[in-house]
Amino acid sequence: MEALLFTLDVFFMALLVWSVLRIERKKGVEENLGFFAFREAADAGKSQAGRVNKDA
Amino acid sequence: MRDMMMFFGMLALVPMSLMSTFGAYLLWGWTGVLTPANYLYGFMQGVRYNLMFALITMVLMLLRGAADKGKIESSPTVVLLAAFAIHSSLCAAFGYANNPFNLDYYSNLLKILVFVLFMPVLLTKRYRVHAVLIMILLGLGLHGVLEGLKYLASGGGHKVEGIPMSMIGDNNHFATALVMSVPIAYYLFTYSANKLVRFGFLCTALLLVVAVVGSYSRGAFVSLSVVGAWLVFKSRNKLMTALIVIVAAGGIMFLAADTWFDRISTIQTANNDSSFMGRVSAWRASSAIALQNPVFGGGFHSLQVGYVWAQFRFETGLFPFIDVPAEFVRDLPRAAHSIYFEVLGDQGFVGFAIFLALLVNAQLTSRKVRRLAKEIGSKADWARDLSNMLSVSLLAYMVGGASVSLAYYEIVYVLMMLIEVLRIMLSKQLKEIDNTRKGQDPLITKSTSTTKLKTRGGFA
């Protein structure tokens, strides 16, 4: 279990750095983190809820 | 096997870090919090990952800077951190001699402060702030998730210990650090777009709570209760937060072993508890060191040096009114067992004042961030919520830290600077909004805040 979670941790870190690279290498690409993307509003009831931020 | 995985991971991570200063910076932070050597047993164990990524970041900064680079502005946070660094250097230089802990703790603190001072330069956009939060959870959260799972798998029999070779080696230190990361996991749960990621962060938050319970730490339990109450109080979605807190509390009642309840119930009888009274004797001795060395203290963890402990262990210091029976005062040196008394003994009253000012300043800056976010409107809701969560994390540290020696823990300073970074980002955003409005309305020339602009716009 420890080995699996450790491996997953390394994988997710690589994915995070790759997402950062994607933003910084390609100008004009949406400034969000792909798999780890953030959204605009936290409350489900709000109009923007669930939408990935496109103008951060 | 793990070493092979790490080897292949590094084959991908090192080239990626060379392509982006911020990417290298993330890996610098991650390796610092994760301490990968704890999970490796073969040929990859001896590699100094943290040093490697720190050097890559600094060399890249010197050679080509960073994309969208910010700058270090003079602000109370930066000034206080610089003052803390300078004063720590003087304390390390003028502290008691023959202290084997002095240089270790001092150099660690300096490394942390260097890492933190890079933050305003590199964290100029929201995705970078978000990435740093994920990095903290991937580093610190892994330990908590693993320990939480072990506790569940053993049916409450597993005793959660700290992470060897790190500043959170003790179970109480570890539990306090975990409590601090719960609000971060909760923020990432509420603000992640991907449902799978959201679910992952929710599970992480709950497993962190389980790991705190499994540590049997009374101080961490108290700060966990504070975090629970504060989350409900401060959250905008109170119903959902309350539901999660109730489920977590119910889970604790259901899962915790009888021995855990026995341990926690001793909070009420602390006066007769040898562990607690031992701490009080350490607090008295720390304050006595500060009274004797009010400006520079005794140096980093001088209380743990044999001859210093022997000199001060029966001193009453600032607490002549607290009686500690002689049987509770150990012959062997012990740690300060409180962030406040740790800094007081190590760095005297001056260092203590700077440390307290840092903690208070972080809360005040967080309040400022919330005000700025309110002025900007719904676009800055994320910053307001994040500032709330960071404020709760630091509050958990201030409560839980009262009984552990964790004053120089890196995450604390990272959170303080994250709040400052949010303030800088929102101030810039507000200025841009002001400028845009000024450009649109030639009648408005001198207003500086959107609140004023809105009012004038209403009358125009």
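This one's a predicted model, so the numbers in the text were calculated from it and none came from an experiment.

**Examining the overall build of chain B**
Line of reasoning, step 1. When its secondary structure is counted, chain B shows 18 helices and zero strands.
Line of reasoning, step 2. Here the C-alpha atoms of chain B give a radius of gyration of 23 Å, agreeing with the 23 Å that 2.2 N^0.38 yields for 460 residues.
Line of reasoning, step 3. Counting the 460 residues in chain B, one finds 56% classified as buried.
Line of reasoning, step 4. Relative to all contacts within chain B whose residues are 6 or more apart in sequence, the contacts with residues 24 or more apart total 80%.
Line of reasoning, step 5. Element-wise, carbon and sulfur atoms account for 66% of the exposed surface of chain B, whose accessible area totals about 18,900 Å².
Line of reasoning, step 6. With 39 positive and 24 negative side-chain charges, chain B shows a spacing of 12 Å between the two charge centroids.

**Some words on the interface of chain B and chain A**
Line of reasoning, step 1. In this assembly, 46 residues from chain B lie in contact with 35 residues from chain A.
Line of reasoning, step 2. In this assembly, chain B packs against chain A so that about 3,900 Å² is buried in total across both faces, 68% of it on carbon and sulfur atoms.
Line of reasoning, step 3. Broken down residue by residue, the surface that chain B buries against chain A is led by M16, Y127 and L138 of chain B, which jointly contribute 16%.
Line of reasoning, step 4. E2 of chain A is paired through a salt bridge with K150 of chain B; the nearest N and O atoms lie 3.1 Å apart.
Line of reasoning, step 5. A total of 13 residues in the side of chain B that touches chain A trace back to one element, the largest contributor, which is helix α7 (residues 126-153) of chain B.

**A closer look at the pattern of salt bridges**
Line of reasoning, step 1. Taken as a whole, this structure holds nine salt bridges over all chains when the rule is applied.
Line of reasoning, step 2. Linking E31 of chain A and K125 of chain B is a salt bridge whose minimum nitrogen-to-oxygen distance equals 3.0 Å. With E31 of chain A in the segment after α1 (2-25) and K125 of chain B in the loop between α6 (119-122) and α7, the pair connects residues from two separate chains.
Line of reasoning, step 3. Its relative accessible area of 24% is what places K125 of chain B among the partly exposed residues.
Line of reasoning, step 4. Among the ionic contacts, a cluster of salt bridges with common partners joins E2 of chain A together with R2, E147 and K150 of chain B.

**Here we look at the nonpolar core**
All names here are of chain B.
Line of reasoning, step 1. If you look at the biggest cluster of nonpolar residues, it comprises 148 residues, and the most contacted ones within it are L123, F355, Y413 and L418.
Line of reasoning, step 2. Among the elements that make up this core, the one with the highest residue count is α7 (15 residues).
Line of reasoning, step 3. Every residue in contact with L418, bar those within four places of it in the chain, is listed here: M119, L123, V129, V132, L133 and L390.
Line of reasoning, step 4. Among the nonpolar cores identified, the runner-up in size contains 21 residues, and Y96, V280, W283 and V324 belong to it.

**Considering the packing of helix α8 (residues 171-191) of chain B against helix α16 (residues 381-400) of chain B**
Residue and element names in this part refer to chain B.
Line of reasoning, step 1. The N-to-C vectors of α8 and α16 enclose an angle of 165 degrees; their axes lie 8 Å apart at closest approach. In terms of orientation, α8 and α16 fall into the roughly antiparallel class. Judged by the sense of rotation from one axis to the other, the crossing of α8 with α16 is right-handed. Only D381, W382, D385, L386, M389, V392, S393, A396, Y397 and G400 of α16 make contact with α8, whose side of the interface consists of T176, V179, M180, P183, I184, Y186, Y187 and Y191.
Line of reasoning, step 2. In terms of residue class, the contact of α8 with α16 is made up of 13 nonpolar, three polar and two charged.

**As for the side chain of N361 of chain B**
Residues and elements named next belong to chain B.
Line of reasoning, step 1. Among the structural elements, N361 can be located in helix α15 (residues 339-376).
Line of reasoning, step 2. Looking at N361, its side chain comes within polar contact range of the side chain of T77, at 2.9 Å.
Line of reasoning, step 3. Those residues in contact with N361, other than ones at most four positions away along the chain, are P76, T77 and L80.

**A short note on the environment of S235 of chain B**
Line of reasoning, step 1. Tracing the backbone shows S235 of chain B in the loop between α10 (218-234) and α11 (238-255).
Line of reasoning, step 2. Classification of S235 of chain B by relative accessible area gives buried; the value is 6%.

**Some remarks on the packing of aromatic side chains**
Line of reasoning, step 1. All chains considered together, the criterion is met by 26 aromatic pairs over all chains.
Line of reasoning, step 2. Seen from their ring centres, F12 of chain A and F35 of chain A are 6.0 Å apart, and the 5 degrees between their planes marks the pair as stacked. Highlighted residues: F12 of chain A in helix α1 and F35 of chain A in the segment after α1, separated in sequence by 23 residues.
Line of reasoning, step 3. The partly exposed category is assigned to F12 of chain A, whose relative accessible area is 24%.
Line of reasoning, step 4. Seen in terms of ring centroids, Y25 of chain B and F115 of chain B are 4.4 Å apart; in terms of plane orientation they differ by 5 degrees. Their pairing is stacked. With a gap of 90 residues between them, Y25 of chain B in helix α2 (residues 21-34) and F115 of chain B in helix α5 (residues 102-117) connect regions that are remote in the sequence.
Line of reasoning, step 5. Through a chain of ring-to-ring contacts, three or more aromatic side chains come together here, namely F11, F12, F35 and F36 of chain A.
Line of reasoning, step 6. Seen from the ring of F22 of chain B, R128 of chain B lies directly overhead, with NZ or CZ sitting 5.2 Å from the centre.
Line of reasoning, step 7. One Lys or Arg, R198 of chain B, reaches over the ring of F189 of chain B and ends 4.9 Å from the middle of that ring.

**Describing unusual backbone geometry**
Residues and elements named next belong to chain B.
Line of reasoning, step 1. In this model, M165 sits at a positive phi of 60 degrees, which is unusual for a non-glycine residue.
Line of reasoning, step 2. On the basis of relative accessibility, which here comes to 62%, the residue M165 falls in the exposed class.
Line of reasoning, step 3. Here Y216, not a glycine, exhibits a phi torsion of approximately 60 degrees, which is positive.
Line of reasoning, step 4. Residue position: Y216 is located in the loop between α9 (195-214) and α10.
Line of reasoning, step 5. The exposure class assigned to Y216 is buried, which follows from its relative accessible area of 14%.

**What about the confidence of the model for chain B?**
Residue and element names in this part refer to chain B.
Line of reasoning, step 1. Model confidence for chain B is summarised by a mean pLDDT of 88, while 93% of its residues fall at 70 or above.
Line of reasoning, step 2. Contacts for the low-pLDDT stretch residues 445-460, under 50 throughout, to residues beyond four places or in other chains number 20 contacts.
Line of reasoning, step 3. Among the scores for the predicted complex, ipTM is 0.87 and pTM is 0.89.

**Comments concerning the confidence of the model for chain A**
Line of reasoning, step 1. Averaged over chain A, the pLDDT score is 77; the fraction of residues at 70 or greater is 71%.
Line of reasoning, step 2. Residue range residues 44-56 of chain A is modelled with pLDDT below 50. Its contacts to residues more than four positions away, or to other chains, number 29 contacts.

**Overview of a nonpolar patch on the surface**
Line of reasoning, step 1. Together, M4, F7, F8, L11 and F43 of chain B line one region of the surface with nonpolar side chains, adding up to about 500 Å² of accessible area.
Line of reasoning, step 2. Mapping F8 of chain B onto the fold places it in helix α1 (residues 2-19).

The rules behind these values
Residues numbered from 1 in each chain as written. Chains lettered and ligands numbered in written order. Predicted model: local features only at pLDDT ≥ 70, side-chain atom pairs only at ≥ 80, totals over all residues. Heavy atoms only, no water. Helix = DSSP H or I, 4+ residues; strand = E, 2+ residues; numbered from the N terminus. Rg over C-alpha atoms; globule rule 2.2 N^0.38 Å. Buried < 20%, exposed > 50% of the residue type's maximum accessible area, 1.4 Å probe, protein only. Contact = heavy atoms within 4.5 Å. Areas by Shrake-Rupley, 256 points an atom, 1.4 Å probe, with all protein chains shown as cover. Lys, Arg positive; Asp, Glu negative; His and termini not counted. Charge placed at Lys NZ, Arg CZ, Asp CG, Glu CD. Buried area = accessible area lost by both parts, 1.4 Å probe. Salt bridge = Lys/Arg side-chain N within 4 Å of Asp/Glu carboxyl O. Core = buried A, V, L, I, M, F, W, Y, C linked by side-chain atoms within 4.5 Å. Axes fitted to C-alpha atoms, helices over the stretch in contact; angles between N-to-C directions. Parallel < 35°, antiparallel > 145°, perpendicular 65-115°, else oblique. Left-handed = near helix turned anticlockwise from the far one by under 90°. Nonpolar A, V, L, I, M, F, W, Y, C, P; charged D, E, K, R; others polar. Polar contact = N/O pair within 3.5 Å; in protein donor to acceptor, adjacent residues only side chain to side chain. Phe/Tyr/Trp six-rings, centres within 6.5 Å; stacked < 30°, edge-to-face > 60°. Lys NZ or Arg CZ within 6 Å of the ring centre and 35° of its normal. pLDDT = per-residue confidence, 0-100. Patch = residues over 30% accessible without salt bridge, like charges linked within 9 Å, V, L, I, M, F, W, Y side chains within 5 Å.

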